[in-house]
Every structure is written in C-alpha cells, then in structure tokens.
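The chain contents come next:
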Amino acid sequence: MQFFAKSDDHPMNFMHALNAAWHDRNSLLCVGLDPDPARFPAHLRGQPDAIFNFCKAIVDATADLVCSFKPQIAYFAAQRAEDQLQALIAHIHDAHPTTPVILDAKRGDIGSTAEQYAIEAFERFKADALTVNPYMGRDSIEPYLAYADKGVILLCRTSNPGGSDLQFLDVGGEKLYERVARLVSQEWNQGGQCALVVGATFPGEIARVRELSGDMPLLVPGIGAQGGDIEATVRAGRTAHGDGLLINSSRAILYAGSGEDFAQAARRVALDTRHAINVHRHPAP
Ligand SMILES: O=C(O)c1cc(=O)[nH]c(=O)n1[C@@H]1O[C@H](COP(=O)(O)O)[C@@H](O)[C@H]1O
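Quantities reported herein were computed from a predicted structural model and do not represent experimental measurements.

(A) A look at the UniProt feature "domain: Orotidine 5'-phosphate decarboxylase" (unreviewed entry) in the chain. Those places that UniProt annotates as "domain: Orotidine 5'-phosphate decarboxylase" (unreviewed entry) correspond, in this numbering, to residues 28-266. Taken end to end, residues 28-266 comprises 40% helix and 17% strand; its first and last C-alpha atoms sit 16 Å apart.

Spelled out as structure tokens, the structure:
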C-alpha cells in the first residue's frame, strides 16, 4: 500500500490545538469518520484502499471547516483496515497538522490493560485524544492521563435512548451522569486534559453538564443522522466565550453525496452545519 506514512512523533497538545482550531477556523464542528464501504460511491467500491481513499477525500475537503476529526475505530477494525486508520491519521497530521484527531474507541478496562489501550491509541495510531468509558473508575483512566498532552474524553450522557438505563439512575440524590460530570471536572481533571461526551439528543442534560463542569470541552454527537437539534445543543452547551463544544456529525456529512463529487457534497453540508452552529454561539446583545 502506498500511504503517506510519517515516521516522526506528532507533537501536539490536544487542548491547545482545540482552542486554536475553535478560534482560527471559527468552528465547533467535528467531522466523524465512520466509513461504511456499503455506502461508498460506486467508483470507490472494491478498491483495496477504499476506506483510506474515502476518508482522505472527506478530510481534505473539510479540514478548513472543522475543529477536529473523529475516526471511529470499529468501522476500520470490522473491515480489517487498522492499517488504513493508521495511514489516515498520519495523513491528517501531515496535511492538516493543526487539526486534532480524536480516536473514538470508548475504551475501559483495568489499569494494566488500559496501559495497552493507551499505547495503541497514542503511540500506534498517534491520536491526539481518545474516548474512554468511566465505568471502571479512576485507576482505569490513569494510564491515559499519563500522556500529558493527550485529551481524555469520558462518556457522560450518551446520545442513544438506552443511555438512560444506567446514566439516569439515582445515586444518592443525583443522577449517575451528574456524578460522572462532577467527578471528572473536580477530581480527575488535574492535568486539564479531560472532556465529556453528552448527546445532542438531550439538550437539557447538556445544560446540566455545562453547569457542573465549568468550561470543560463537551463532545456532542447526535446532530444530523440522530436528529439532535443544533440550536438547542449550542444554546445549552456554549461557554461564555461562545465555544467549549465539539459538535460531531458523521453520516450526514460522509454520505451527503453518492457520486464522484461526494467530497464536495460533504463540504457543502459541513459548511452549512458550521454556519447553523455559529449563528447560535453568542447570546444576542
Ligand atoms: O463517543 C461518541 O462519539 C459517541 C457517543 C454517543 O453518545 N453517541 C454517539 O453517537 N457517538 C458516536 O458519534 C458518531 C455519531 O454518528 P452520526 O450519528 O452518524 O453523526 C458515531 O461514531 C458514534 O459512535
């Protein structure tokens, strides 16, 4: 395979890069890279490196419009395409070096195993941040926090309907997701590396998590294909500076077009989405 492999390490501080991207690109949009070969345009299907080529085209067409990219590891692993994921992240670092990459893997395990997941995410794939499940507690998160420049993004109030099964349980006068928000912002975020996931499908909870977590960045998936309301999301989650959010959209952007111009179609939807977000970033004077 002919990829743009980069041999040197990728020196980026996730939080600094995110703040710069919010500002310089005027964007809170995170484009999710969830490549499903069954939905690829016909001219790409069957190519040996189709996943890389599809994602690279999307990345190159939208990089100036986003604050981050978020590849979802399952879409690559299911196709035995981890090498294409590695090449894709290397390409983003080479061609768009100020754009942070969040590896969405929702890892969670005992410390010794978490150390291996951290090596996988940060050293093998060279991601700038990783999504992590907080369910196993603080010691299961520490191996990720040991990478001081990396972002650690913890599931708090997920976008799916079943998220309520556990996250909405009462745990001594508060909901479990509220406990997660408090614990992460007050105790686990000593290094300023943490962020929280809150679904766009639950704007009331976005507001609550914002209240509990100060200016901590919130990764908010659920607009686009899952039907979350952009205006309600931004109003509930914006900080006083009009940022603090990484609003993810995957399928609505990736599959905006199905022809040879799919990347341009993706760019148009990304532009519209960035704009729809930006009109609500600052309260009316
Ligand atoms: O951590 C995530 O990114 C995530 C958390 C969550 O609560 N809900 C959620 O949809 N996601 C991810 O965000 C993406 C949403 O994709 P679309 O619904 O196509 O925009 C997928 O990659 C999901 O795995």
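(B) Layout of the pairing of strand β8 (residues 245-249). Counting buried residues in β8 gives five out of five residues, a clear majority hidden from the surface. Where burial is concerned, the two faces of β8 agree: the one with Leu245, Ile247 and Ser249 and the one with Leu246 and Asn248 are both buried. Alignment of strand β1 (residues 29-33) against β8, held across three bridges, turns out to be parallel. Bridge assignment links Cys30 to a residue of β8, and that residue is Asn248. Bridge count between strand β7 (residues 218-221) and β8: four bridges; the pairing is parallel. Residue pairing across strands places Leu219 opposite Leu246, the latter belonging to β8. For the handedness criterion, the β-α-β arrangement of β7, helix α10 (residues 230-237) and β8 is classed as right-handed.

(C) Just the site of the ligand, in detail. Taken together, 16 residues surround the ligand, and among them Asp34, Ser159, Gln226, Ser250 and Arg251 come closest. For the ligand, an oxygen atom lies 3.0 Å from a polar atom in the side chain of Lys70. Protein burial of the ligand: of its 500 Å² of free accessible surface, 90% is covered by the chains. When its residues are assigned to classes, the shell around the ligand shows four nonpolar, seven polar and five charged.

(D) Region of interest: the nonpolar core. Counting residues in each nonpolar core, the largest one holds 86 residues, and the members touching the most others are Leu33, Phe54, Leu154, Leu196 and Leu246. Per element, the largest residue contribution to this core is eight residues, and it comes from helix α2 (residues 50-62). Excluding residues within four positions of it along the chain, Leu33 makes contact with Cys55, Ile58, Val59, Phe69, Lys70, Pro71, Gln72, Phe76, Leu88, Ile92 and Leu254.

(E) Layout of the pattern of salt bridges. On inspection of all chains with the given rule, the structure shows twelve salt bridges. Arg138 is paired through a salt bridge with Glu142; the nearest N and O atoms lie 3.0 Å apart. Owing to a relative accessible area of 38%, Glu142 belongs among the partly exposed residues under this scheme. In this structure, Arg179 and Glu174 form a salt bridge, with 2.5 Å as the shortest nitrogen-oxygen distance. With a relative accessible area of 31%, Arg179 lands in the partly exposed category.

(F) Broad picture of the side chain of Asn278. Assignment of secondary structure puts Asn278 in helix α12 (residues 262-278). Here Asn278 falls in the buried class, since its relative accessible area comes to 19%. A polar contact of 2.8 Å, which involves the side chain of Asn278, links it to the backbone oxygen of Asn26.

(G) Inspection of the UniProt feature "active site" (unreviewed entry) in the chain at higher detail. What UniProt calls "active site" (unreviewed entry) maps, in this numbering, to Lys106. By secondary structure assignment, the location of Lys106 is in strand β3 (residues 102-107). In terms of polar contacts, Lys106 uses its side chain to reach the side chain of Asp104, at 2.9 Å.

(H) A look at the packing of α2 against helix α4 (residues 82-95). At their nearest, the axes of α2 and α4 sit 9 Å apart, and the two run at 25 degrees to each other. Here α2 is positioned roughly parallel relative to α4, judged by the angle of their axes. Once α2 is placed against α4, the crossing between them reads as right-handed. Every residue of α4 that contacts α2 at Ala50, Ile51, Phe52, Cys55, Lys56, Val59 and Asp60 is listed here: Gln84, Ala87, Leu88, His91 and Ile92. When grouped by side-chain class, the residues that make up the contact of α2 with α4 number eight nonpolar, two polar and two charged.

(I) Seen up close, unusual backbone geometry. For Asn26, which is not glycine, the phi torsion reads 50 degrees and is therefore positive. Here Asn26 is to be found in the loop between α1 (14-24) and β1. For Asn26, a relative accessible area of 41% puts it in the partly exposed group. We note that Lys126 has phi near 60 degrees; this positive angle belongs to a residue other than glycine.

(J) The arrangement of the packing of helix α8 (residues 176-188) against helix α9 (residues 203-213) in detail. Where α8 contacts α9, the two axes come as close as 9 Å, and the packing angle between them is 30 degrees. Classified by the angle between their axes, α8 and α9 sit roughly parallel to one another. Where α8 crosses over α9, the two elements pack in a sense that is right-handed. Within the contact between the two elements, α8 uses Tyr177, Glu178, Ala181, Arg182 and Ser185 and α9 uses Glu205, Arg208, Val209, Leu212 and Ser213. Split by residue class, the contact of α8 with α9 holds four nonpolar, two polar and four charged.

Conventions used here
- Residues numbered from 1 in each chain as written.
- Predicted model: local features only at pLDDT ≥ 70, side-chain atom pairs only at ≥ 80, totals over all residues.
- Heavy atoms only, no water.
- UniProt positions renumbered as here; feature names shortened; annotations may be inferred.
- Helix = DSSP H or I, 4+ residues; strand = E, 2+ residues; numbered from the N terminus.
- Buried < 20%, exposed > 50% of the residue type's maximum accessible area, 1.4 Å probe, protein only.
- Pairing = 2+ DSSP bridges.
- Right-handed = clockwise from strand over helix to strand, strands pointing away.
- Near = heavy atom within 4 Å.
- Polar contact = N/O pair within 3.5 Å; in protein donor to acceptor, adjacent residues only side chain to side chain.
- Areas by Shrake-Rupley, 256 points an atom, 1.4 Å probe, with all protein chains shown as cover.
- Nonpolar A, V, L, I, M, F, W, Y, C, P; charged D, E, K, R; others polar.
- Core = buried A, V, L, I, M, F, W, Y, C linked by side-chain atoms within 4.5 Å.
- Contact = heavy atoms within 4.5 Å.
- Salt bridge = Lys/Arg side-chain N within 4 Å of Asp/Glu carboxyl O.
- Axes fitted to C-alpha atoms, helices over the stretch in contact; angles between N-to-C directions.
- Parallel < 35°, antiparallel > 145°, perpendicular 65-115°, else oblique.
- Left-handed = near helix turned anticlockwise from the far one by under 90°.

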